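# Coordinates in review
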Amino acid sequence: SAPTNDETVTIIGGAGNNYYEVSGAEIVSITNTDGNNNYEIDNFSGQQGYRLPAVNLVTITTGNGNNTFELDDVATAVLTAGNGANRFEISSDNSADYTAPGDSVDFESDITIKAGNGKNEINVEANWGIGVVNVTVGNGGNSIDASGHEVKITSGTGPDVIKVLADVIKINSGGGGDTI
């Protein structure tokens, strides 16, 4: 039978260049200080042919540095990064008919990204029809490509490139020659 998804992973790291790969956990929480960090989170069970339901919650907070966030099949993510050239690759493949064990309501895709100043590259796909994406970035010429039911973007000054595909779009551009 297919494995269940009922594990919680909590990591508190220090400064430095860290690599984190977490597969098959229900809840992931990582806190780090400054450094160049790589985070890979997915729902792969480790058993051949089995993928678990979407990772229910990922919370990552990191300091300044060049960080890479790669999340696959995540229902809810809250990612906070300091200043630096951060890269976010996120796929929220949570369907409206998925109900977590013990819960009576369906999960909706909800991705929140907050990144400081620097050239941030953000690619986010939330479920069409139910996915909500919130992106807040600082100054520095960001590249943002986001899709979902509702996408909200707030950017600082700098020549940002913003591409959005959604039913509801809200963009608060800080100016500076943005391409939307």
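Keep in mind it's a predicted model, so treat the numbers as computed, not measured.

This next bit is on the pairing of strand 8 (residues 87-91). Where burial is concerned, the two faces of strand 8 differ: the one with Phe-88 and Ile-90 is buried and the one with Arg-87, Glu-89 and Ser-91 is not. Bridging between strand 6 (residues 68-72) and strand 8 involves 5 bridges; their strand directions are parallel. Within strand 8, the position partnered with Asp-72 by the bridge is Ser-91. Direction of pairing for strand 8 relative to strand 10 (residues 121-125): parallel, over a ladder of 5 bridges. Residue Ile-90 lies in a different strand from strand 10, and its bridge partner there is Val-124.

It is worth spelling out unusual backbone geometry at this point. Most peptide bonds take the trans configuration, and most residues that are not glycine carry a negative phi. One non-glycine residue, Asp-73, lies in positive phi territory at about 55°. Along the chain, the position of Asp-73 falls in the loop between strand 6 and strand 7 (74-81). Judged by relative accessible area, Asp-73 falls into the buried class, the value being 8%.

Evaluated as defined, the whole model comprises 4 salt bridges. Where Lys-170 meets Glu-150, a salt bridge forms, and the shortest distance between an N and an O atom there is 3.9 Å. Of this pair, Lys-170 sits in strand 13 (residues 161-172) while Glu-150 sits in strand 12 (residues 143-155), and the two are 20 residues apart along the sequence. Residue Lys-170 is classed as partly exposed on the basis of its relative accessible area of 45%. We classify Glu-150 as buried; its relative accessible area is 16%. Members of the salt-bridge network, linked through shared partners, are Glu-70, Arg-87 and Glu-89.

What you see with strand 4 (residues 38-42) is a clean split: Tyr-39 and Ile-41 sit on the buried side and Asn-38, Glu-40 and Asp-42 on the side with no burial. As judged from the 5 bridges shared by strand 2 (residues 19-23) and strand 4, these two strands associate in the parallel manner. For Ser-23, the partnering residue across the bridge sits in strand 4 and is Asp-42. Of the pairings in the sheet, the one linking strand 4 to strand 6 comprises 4 bridges and is parallel in character.

Of all residues in the chain, 81% have pLDDT values of 70 or greater, and the mean over the chain is 80. Across the chain, strand 13 holds the top mean pLDDT of 92, while strand 5 (residues 55-61) sits lowest at 83. Here residues 95-107 is a poorly scored stretch, pLDDT under 50, and it has 20 contacts once near neighbours within four places are set aside; other chains count.

Each value, and the rule that gives it
- Counting restarts for each chain: residues are numbered from 1 in the order of the written sequence.
- The model is predicted, so local features are restricted to residues of pLDDT at least 70 and side-chain atom pairs to those at 80 or more, both for listing and for counting; the totals for chains, interfaces and linings are taken over all residues.
- As a convention, hydrogens and water are excluded, and side-chain values are obtained from all of the structure's heavy atoms.
- Here's how the labels work: a residue is buried when its accessible area is under 20% of the maximum for its type, exposed when over 50%, partly exposed in between, all with a 1.4 Å probe on protein chains only.
- Secondary structure elements follow DSSP: runs of H or I of four or more residues count as helices, runs of E of two or more count as strands, with numbering from the N terminus.
- Two strands pair if DSSP finds at least two bridges between them.
- Salt bridge criterion: a side-chain nitrogen from Lys or Arg within 4 Å of a carboxyl oxygen from Asp or Glu.
- Scored from 0 to 100, pLDDT records how confident the predictor is in each individual residue.
- A contact between two residues is defined here by any heavy atoms of the two lying within 4.5 Å.

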